[in-house]
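Secondary and tertiary structure notes
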Amino acid sequence: RKASMRARSSNPPGAGGSVKKLSIKPLSIKPSLPADFELVTWQKLQAAVRAVHEKRPVESSLEELYRAVEDLCTHKMAAGTYARLQEECERHTERSLRALVAGVSDMSAFLVAMHGVWSDHCQQSLVIRSIFLYLDRTYPLQTPGVRSLWDMGLQHFRACLLALPDVLGKTVSGLLLQVQRERQGEQVDRSLLHHLVRMLSALQIYTERFEGALLERTGAFYAAEAARLLGSSTVGDYLRHAEARLLEEAGRVQAYLHSSTRKPLLAAVHATLLAPHTEALLEKGFDKLVEEARIDDLRRVYVLFGHVDALRLVRDAWAAHVKRVGTEMVLDVEGEKTLVPALLELKRTCDELHVQAFDKSETFGYALRDAFEALVNARQNRPAELIAKFLDAQLRAGAKGSADEEVETTLDRTMALFRFLNGKDLFEAFYKKDLAKRLLIGRSASLDAEKLLISKLKAECGTGFTNKLEGMFRDIDLSADLMNSYRAAQAAGTVPTSEIELGVYVLTTGFWPAYPPVEVTLPSELSGLQERFANFYLAKHSGRRVSWAHALGHCLVRANFSERAHELQMSLLQTVVCLLFNEAESISLDEVAAATGIEDKELRLTLQSLACGKVRVLAKEPKGREVEDGDLFAFNAGLQHKLHRIKVNSIQLKESAEENEATTEKVFVDRQYQIDAAIVRIMKARKVLAHTLLLNELYEQLRFPLKPVDLKKRIESLIDREYLERDSPTSYKYMA
């Protein structure tokens, strides 16, 4: 309707410059809606909603329906419209879910039907929301406590599902049954399970109604499986199965379970398949896995046991195995010859397992170190000697076939064993004795390798440990310079020359091992050479005394045999004996003894090496392996050998048990001095100290094995010598 307007003039007609006034009046009749507007409009909308629920075509266009909703909301009818729509949707949802109660008996078919109801609900909710979009965008936002149409539909669906425990229970049971079937190896429709799990999650009943039951079923399933497999499977097979099960469960979460279930689900598998059986698994077959170096299986042990916080058990089992195997090697007296190579191989294998199977774990590394320290020192003193002998074998001329890289690798691996030794001073004593022989008899394969090992020992133990060893090398270098000067003096005529070439090593007494003097009467040719060199040396270094170590001398002798001439590499004592046969064809044992002056035992060993060894320079009558009284010896002119230069092995160079015992005893004496010095040093700093505290200090400072009885003896000795006195029955006082 249009408003009516009238114009009225305030001046008389015909007057000039008149002003017109306008007045606007309200409508005479107020506009109003038809009385049945809301009902008619809702009936149209209700017909559309029911058509959507019943999957029929909607008669009105979406635009027309949208305008109808907009008109209702514009005229403040939104609340009633929302309530009517809510009631309509509730009736349809309840009707759909109730139809499932008795509709399907088969569990798989029921799940399919349930998925159909849920899928229809979601699709229909979207269509209804598009019709009532204006209502959804205005009324819930303007009214507190009112849900959006989508949330309203979810709330209705959830309420109806909870009100029908048969439907919900059957849905959950069906899902659990499908999961169990899949665990048993059957094929299931993962897409269907995925949609149903999403339904439970969207309805916010996943955790409350499904997840707890799933975890409970999971624990029961794997507990039964573990009980069945433990008795029939090896450790490797069982762990491979456990790993496969964990991967399956992780894939299950990714395929259709909610992501929040991953952690508790895997924890349930760990808690039933692994955690209760860790000790049983380790006892059943862990040692075999380590013995066979099955890296993949051990890696699996490390990873899986880490999930159940049981790595401490794995670490302890590994350390115990290494300690047991290594201790058996060390205590096996018959296997001493191969002990060091066996320990090196054990260490290499353990290092490989530490890196590849145990992920370079620091705690596993510490456990391995402690195990090796215990096993290497399980047999006191002997391992130190054997390691020194092994290094001697590697550095001798017999090992020349090894490449420099191989030698260095062997030295590095052996140094790893050396680090575990408590008695490093005993190692030093034997190593020094062997080094002296290699240097003086020319048996070292490489001086570079010798010096490389000295540098490694120096880096490991400090300068004090290698001071004497480095002094031995300095003596060798100085001796070379001295011999150059001697030959220069011979060339200049200041020293008489000789057809015999002489080489001398001048050794500093404190650096080299002590060698027992060997009595021998040298031929005039050799004694004259010694005298001339001694005069030359003393002329250059006055105030020094020269003594000769005949046991270490060696010679290169030319011998003419029937077939051809050979050069013989022999010791000085062998040479002295052989030179006697230049004057006589046959000589008895007594005559050789009288001519050479060699001690009887040493002489018999020397003759045995010449007449009974592989290279028989002399012939003995009667024949035999031992030298007996009355034996006659003659030059073996018929000796045949394919080499021009022949090495005649010297039996006297082999160490006897007495020599080893003497070396060990000397180390023990040196240890007493170190203990005395350590006690005095500690007491001088502390003045008064209890007996127990003093022993603890000594254990920390001294690096070799200590026994309380030995320490007590040294303390008593210092008390007798008035370095200490008793302050009380359990403490000592330092006396200045």
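Within every chain, residues take consecutive numbers counted from 1 along the sequence as written. Restriction of local features to residues with pLDDT of at least 70 applies here, the model being predicted, together with a cutoff of 80 or more for giving and counting side-chain atom pairs; totals for whole chains, interfaces and linings are based on all residues. Think of the side-chain values as coming from all heavy atoms in the structure, minus any hydrogens and water.

1. What about the pattern of salt bridges?
Working definition: two side chains of opposite charge can pair if their charged atoms are close together. Salt-bridge detection follows one rule: a side-chain nitrogen of Lys or Arg within 4 Å of a carboxyl oxygen of Asp or Glu. Here the structure, examined in full by the defined rule, presents 51 salt bridges. We note a salt bridge from E64 to K44, for which the minimum N-O separation is 3.0 Å. Remark: K44 occurs in helix α1 (residues 37–53) and E64 occurs in helix α2 (residues 62–74); sequence separation between them is 20 residues. Whether a residue is buried, partly exposed or exposed follows from its accessible area with a 1.4 Å probe, protein chains only, as a fraction of its type maximum: under 20%, in between, or over 50%, in that order. The class for K44 is partly exposed, based on a relative accessible area of 33%. To qualify as a helix, a DSSP run of H or I must reach at least 4 residues; to qualify as a strand, a run of E must reach at least 2; elements of each kind are numbered from the N terminus.

2. Focus on the packing of aromatic side chains
Working definition: a ring pair exists when centres of Phe, Tyr or Trp rings (six-membered ring for Trp) sit within 6.5 Å. Plane angles under 30 degrees give stacked, over 60 give edge-to-face, the rest tilted. Throughout the structure, instances matching the rule amount to 20 aromatic pairs. Ring plane angle 45 degrees and centroid distance 5.5 Å describe the contact between Y206 and F210, whose orientation is recorded as tilted. In this pair, Y206 and F210 both sit in helix α9 (residues 206–230), four residues apart, roughly one turn of the helix. Geometrically, the ring pair formed by F418 and F427 is tilted, given 4.7 Å between the ring centres and 55 degrees between the ring planes. Of the two residues, F418 and F427, both sit in the buried class. An aromatic cluster of at least three residues, connected via ring pairs, comprises Y486, F533, F536, Y537 and W548.

3. Focus: the sheet that holds strand β8 (residues 645–647)
The pairing criterion for strands is at least two bridges between them, as found by DSSP. One open sheet holds the three strands; their spatial order is β3-β4-β8, and the pairing between them is mixed. For this open sheet the edge positions go to β3 (554–560) and β8, each flanked by a neighbour on one side alone. Put simply, the sheet's adjacent strands are angled 30 degrees from each other on average, direction ignored. Note on definitions: a residue-residue contact is assigned when non-hydrogen atoms from the two residues lie within 4.5 Å. Comment: axis = line fitted to C-alpha atoms, over the contacting stretch for helices; angle = value between 0 and 180 degrees taken between N-to-C directions. Helix-sheet contacts for helix α23 (residues 572–579) involve β3 and β4 (565–571), and the interaxial angle to β4 is about 130 degrees.

4. Side note on the sheet that holds strand β10 (residues 724–728)
Spatially, three strands are ordered β9-β11-β10 in an open sheet, and the strand pairing comes out antiparallel. At either margin of the open sheet sits one strand with a lone partner, and together these are β9 (688–690) and β10. Along the sheet, successive strands turn relative to each other by an average axial angle of 35 degrees, direction set aside. Sheet topology note: the β10/strand β11 (residues 731–734) ladder contains four bridges and is antiparallel. Opposite L724, over in β11, you have Y734 as the bridge partner. The sheet contacts of helix α27 (residues 691–701) involve β9 and β11, and relative to β9 the element is tilted by about 90 degrees. Helix-sheet contacts for helix α28 (residues 708–720) involve β10 and β11, and the interaxial angle to β10 is about 105 degrees.

5. Describing the packing of helix α4 (residues 107–131) against helix α7 (residues 165–183)
Viewed as axis vectors pointing N to C, α4 and α7 meet at an angle of 120 degrees, and their least axial separation amounts to 9 Å. On the basis of the axis angle, α4 is oblique to α7. Our pair here, α4 against α7, has a crossing hand that is left-handed. Contacts from M107, S108, F110, L111 and M114 of α4 reach α7 at V167, K170, T171, G174, L175, L177, Q178 and R181. Polar here means any residue other than Ala, Val, Leu, Ile, Met, Phe, Trp, Tyr, Cys and Pro, which are nonpolar, and Asp, Glu, Lys and Arg, which are charged; Gly is therefore polar. Here the residues of the contact of α4 with α7 sort into seven nonpolar, four polar and two charged. Comment on the angle field: the value is read as roughly parallel under 35 degrees, roughly antiparallel over 145, roughly perpendicular from 65 to 115, and oblique elsewhere. Left-handed describes a crossing whose near helix is turned anticlockwise from the far helix through less than a right angle; right-handed describes the clockwise counterpart.

6. Observations regarding the pairing of β3
Note: β3 against β4, seven bridges, orientation antiparallel. By the bridge assignment, C555 is partnered in β4 with M570. The loop that links β3 with its antiparallel partner β4 comprises four residues.

7. Details of the nonpolar core
We define a nonpolar core as any set of buried Ala, Val, Leu, Ile, Met, Phe, Trp, Tyr and Cys residues linked to one another through side-chain atoms lying within 4.5 Å. Among the nonpolar cores identified, the biggest contains 82 residues, and W318, F358, F372, F427 and Y431 are the most heavily contacted of them. With eight residues, helix α19 (residues 424–440) is the largest single contributor of residues to this core. Among all residues touching W318, those that are not within four sequence positions of it are F286, V290, C350, L353, H354, F358, F364 and L368.

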